Number of protein chains: 2
Amino acid sequence: METDRRGRPRLVASRRPGRSARDEILDAAAELFTTVGYSATSTRRIADSVGIRQASLYHHFAAKDDILDALLAGTVDASVELAAELLAEDGPMAPRLHTLVVADTAQLCSGTWNLGTLYLLPDLRVERFAAFHRRRDSLRSHYGELSRAVIAEHDGPADADDLPFRLVEAVINRRSDDGTCPPDHPWTTAEAALRVLGCARGLSRMRAQTARRLGLSPE
Amino acid sequence: METDRRGRPRLVASRRPGRSARDEILDAAAELFTTVGYSATSTRRIADSVGIRQASLYHHFAAKDDILDALLAGTVDASVELAAELLAEDGPMAPRLHTLVVADTAQLCSGTWNLGTLYLLPDLRVERFAAFHRRRDSLRSHYGELSRAVIAEHDGPADADDLPFRLVEAVINRRSDDGTCPPDHPWTTAEAALRVLGCARGLSRMRAQTARRLGLSPE
């Protein structure tokens, strides 16, 4: 029987991915929130699904909304940091936007559970999630800044500056419809994001640069 | 006091848009589903919000999922018909896709309640909503057919054929974030849908054609 240092002894052996009880709670909650629904899921049910007592769950998260908040943060944090890093660099913007779109789309495609489906929940429109909204707003505004620069560089349509962000998040709907995304979807999305802004040339060079930077193989 | 021919006398005077009790129930349910949540809303609460007895509500809808199904159908039916009509016509595909995107985006922008936010609910993944899913799938496949033809006409990227459909539905997320959409959003989206497929020319002529066909003024 495994033990969880911060809680009680486990009722059953671990059956979830994750190195710690905290990660297992997050995985179980992500599954239940995306398949059963957030409001229909109790912390009791999450604890049962991990195989720990409800009291042990409370050692890690004081309430259900703290679990949701941690899951949501995981969908934006790395991309906000990458976007800020890319914005601070020199050179043309188009290859930088290309890199951000590939990384962010790949991240949204890759989690076991399609957490982006939770963005539209009415439950999120409360003060408790203000920090998450601010974080996602900065991601959106970084996309906007990169996009406006690409539009200026390529004489593209001025009103398209919100669309690259939308194309990336559309992967959430694609996963919801098809259960999965094609492996080349991040690359397809990056090319589309640039075309929407009036940039339809130099794409194969950008693919190579992005692949090098992110340590991926271009599809 | 108004009376509802198919139900009991109303408890209060009508306070909702809609010519019939049925329309008022749909409006109240749309508000509650999108602001409180589908699973958190009872038929009792919908009836209260309309100002009718719960028994009267059951004259119009046998269950809560029948109300949701009717609301969802309203978000796709007109666009499926328009898409089928456009596919049956002659001539180049790009202007036809342009028209579909403008009409469909305008429709998703225009309802009082942002019903598309309900598409991702886990509650929808049951047999009860199979007819809605088939309907939305045909809309998606009509978009795919139009998009593949535009890609062929313009030597565009072959893997972009699902993206126009996604760009249109992204208006749902935009409304959710900003509460509203800019008035020119249908036109912005139509231009983006064509650019994604490799078609970046002739857009002002398409705008004029679409405006004429739909009886709109191009933004």
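Residues numbered from 1 in each chain as written. Chains lettered and ligands numbered in written order. Predicted model: local features only at pLDDT ≥ 70, side-chain atom pairs only at ≥ 80, totals over all residues. Heavy atoms only, no water.

- Chain A carries the name Helix-turn-helix domain-containing protein in an unreviewed UniProt entry, which gives [Mycobacterium] crassicus as its organism.

### Regarding the overall build of chain A
Moving on, step 1. Secondary structure summary: chain A contains nine helices and zero strands in total.
Moving on, step 2. Starting at the N terminus and ending at the C terminus, chain A contains elements arranged as α-α-α-α-α-α-α-α-α.
Moving on, step 3. Dimensions of chain A along its principal axes, counting C-alpha atoms only, are 60 × 35 × 35 Å.
Moving on, step 4. In chain A, buried positions account for 53% of the 219 residues.
Moving on, step 5. Intrachain contacts of chain A at a sequence separation of at least 6 include 69% that bridge at least 24 residues.
Moving on, step 6. When the accessible surface of chain A is totalled, it reaches about 9,700 Å², and 49% of it is carbon and sulfur. (Helix = DSSP H or I, 4+ residues; strand = E, 2+ residues; numbered from the N terminus. Buried < 20%, exposed > 50% of the residue type's maximum accessible area, 1.4 Å probe, protein only. Contact = heavy atoms within 4.5 Å. Areas by Shrake-Rupley, 256 points an atom, 1.4 Å probe, with all protein chains shown as cover.)

### Focus: the packing of helix H7 (residues 163-178) of chain A against helix H7 (residues 163-178) of chain B
Moving on, step 1. Here H7 of chain A crosses H7 of chain B at 105°, and the two axes come no closer than 8 Å. It follows from the interaxial angle that H7 of chain A and H7 of chain B lie roughly perpendicular. Together, Leu163, Phe165, Arg166, Leu167, Glu169, Ala170, Asn173, Arg174 and Asp177 of chain A of H7 of chain A and Leu163, Phe165, Arg166, Leu167, Glu169, Ala170, Asn173, Arg174 and Asp177 of chain B of H7 of chain B make up the contact between the two elements.
Moving on, step 2. Classifying every residue of the contact of H7 of chain A with H7 of chain B by side-chain character gives eight nonpolar, two polar and eight charged. (Axes fitted to C-alpha atoms, helices over the stretch in contact; angles between N-to-C directions. Parallel < 35°, antiparallel > 145°, perpendicular 65-115°, else oblique. Nonpolar A, V, L, I, M, F, W, Y, C, P; charged D, E, K, R; others polar.)

### Comments concerning the relation of the copies chain A and chain B
Moving on, step 1. Overlay of chain A on chain B (RMSD 0.0 Å): rotation 180°, translation along the axis 0.0 Å. Each copy turns onto its partner about a two-fold axis.
Moving on, step 2. When the interface residues of chain A are mapped onto chain B, 100% of them again fall at the interface, so both copies present the same face. (Least-squares fit on C-alpha atoms with pLDDT ≥ 70 in both.)

### Concerning the pattern of salt bridges
Moving on, step 1. One pass over the full model with this rule turns up 38 salt bridges over all chains.
Moving on, step 2. Between Asp66 of chain B and Arg128 of chain B there is a salt bridge, with the nearest N and O atoms lying 2.5 Å from each other. Linking Asp66 of chain B in helix H4 (residues 64-87) with Arg128 of chain B in the loop between helix H5 (94-110) and helix H6 (130-154), this pair joins segments that are 62 residues apart in sequence.
Moving on, step 3. Exposure remark for Arg128 of chain B: the relative accessible area of 31% places this residue in the partly exposed category.
Moving on, step 4. Shared partners join several salt bridges into a network, and the residues in it are Arg136, Arg140, Asp162, Arg166 and Glu169 of chain A together with Arg174, Asp177 and Asp178 of chain B. (Salt bridge = Lys/Arg side-chain N within 4 Å of Asp/Glu carboxyl O.)

### Some thoughts on the interface of chain A and chain B
Moving on, step 1. Contacts between the two partners involve 36 residues from chain A, matched on the other side by 36 residues from chain B.
Moving on, step 2. Here chain A and chain B share an interface that buries about 3,000 Å² over both sides, 53% of which is from carbon and sulfur atoms.
Moving on, step 3. Among the residues chain A hides against chain B, the three largest losses belong to Leu120, Arg166 and Arg195 of chain A. Together they make up 20% of the total.
Moving on, step 4. At the junction of chain A and chain B, the tally comes to eight salt bridges.
Moving on, step 5. Note that Arg136 of chain A is salt-bridged to Asp177 of chain B, the shortest N-O span being 2.9 Å. (Buried area = accessible area lost by both parts, 1.4 Å probe.)

### Re the packing of helix H1 (residues 21-35) of chain A against helix H2 (residues 43-50) of chain A
All names here are of chain A.
Moving on, step 1. Across the interface, H1 lies against H2 with an axial gap of 9 Å and an inter-helix angle of 120°. Between H1 and H2, the angle is such that the two are oblique. Here H1 runs over H2; the crossing is right-handed. Residue-level inspection shows Glu24, Ile25, Ala28, Ala29, Leu32 and Phe33 of H1 in contact with H2, the latter providing Arg45, Ile46, Ser49 and Val50. (Left-handed = near helix turned anticlockwise from the far one by under 90°.)

### A few points about the UniProt feature "DNA-binding region" (unreviewed entry) in chain A
Moving on, step 1. Using the residue numbers shown here, the UniProt feature "DNA-binding region" (unreviewed entry) corresponds to residues 42-61 of chain A.
Moving on, step 2. The distance separating the terminal C-alpha atoms of residues 42-61 of chain A is 13 Å; by composition the span is 75% helix and 0% strand. (UniProt positions renumbered as here; feature names shortened; annotations may be inferred.)

### Quick word on the packing of aromatic side chains
Moving on, step 1. For the structure on display, the rule yields six aromatic pairs over all chains.
Moving on, step 2. Aromatic side chains Phe33 of chain A and Tyr38 of chain A sit 4.8 Å apart centroid to centroid with 75° between the ring planes, which places their arrangement in the edge-to-face category. Of the two residues examined, Phe33 of chain A and Tyr38 of chain A, each falls in the buried class.
Moving on, step 3. Between Tyr143 of chain A and Phe165 of chain A, the aromatic rings sit 5.6 Å apart at their centres with planes inclined by 55°, giving tilted as the arrangement. Of this pair, Tyr143 of chain A sits in helix H6 (residues 130-154) while Phe165 of chain A sits in helix H7, placing them 22 residues apart in sequence.
Moving on, step 4. In this structure, Lys64 of chain A is placed above the aromatic ring of Tyr38 of chain A, and the distance from its NZ or CZ to the ring centre is 4.3 Å.
Moving on, step 5. Sitting over the ring of Phe129 of chain B, Arg128 of chain B keeps its end group 5.7 Å from the ring centre. (Phe/Tyr/Trp six-rings, centres within 6.5 Å; stacked < 30°, edge-to-face > 60°. Lys NZ or Arg CZ within 6 Å of the ring centre and 35° of its normal.)

### Thoughts on the domain arrangement of chain A
All names here are of chain A.
Moving on, step 1. Its domain assignment divides chain A into domain 1 (1-62) and domain 2 (71-214).
Moving on, step 2. Placing a centre on the C-alpha atoms of domain 1 and another on those of domain 2 gives a separation of 31 Å.
Moving on, step 3. Counting from both sides, the interface comprises ten residues of domain 1 and, opposite them, nine residues of domain 2.
Moving on, step 4. Taken over both partners, the interface formed by domain 1 and domain 2 buries close to 760 Å², and the fraction arising from carbon and sulfur atoms is 77%.
Moving on, step 5. Sorting the residues of domain 1 by area buried against domain 2 places Ala30, Thr34 and Tyr38 first, and these three jointly supply 54% of that buried surface.
Moving on, step 6. On inspection of domain 1 and its partner domain 2, the count reaches zero salt bridges.
Moving on, step 7. At the boundary of domain 1 with domain 2, the tally comes to one residue pair in polar contact (both at pLDDT 80 or more).
Moving on, step 8. Of the residues assigned to the side of domain 1 that touches domain 2, the class counts are five nonpolar, three polar and two charged. (Domains from an automatic or database assignment. Polar contact = N/O pair within 3.5 Å; in protein donor to acceptor, adjacent residues only side chain to side chain.)

### Concerning the nonpolar core
Moving on, step 1. Grouped together as the largest cluster of nonpolar side chains are 128 residues, with contacts concentrated most on Phe33, Ile46 and Ile67 of chain A together with Phe33, Ile46 and Ile67 of chain B.
Moving on, step 2. Apart from the residues lying within four places of it in its own chain, the contact partners of Ile67 of chain A are Ile25, Leu26, Ala29, Phe33, Ile46, Leu57 and Phe61 of chain A. (Core = buried A, V, L, I, M, F, W, Y, C linked by side-chain atoms within 4.5 Å.)

### Concerning unusual backbone geometry
Moving on, step 1. In this model, Asp155 of chain A sits at a positive phi of 55°, which is unusual for a non-glycine residue.
Moving on, step 2. Positionally, Asp155 of chain A belongs in the loop between H6 and H7.

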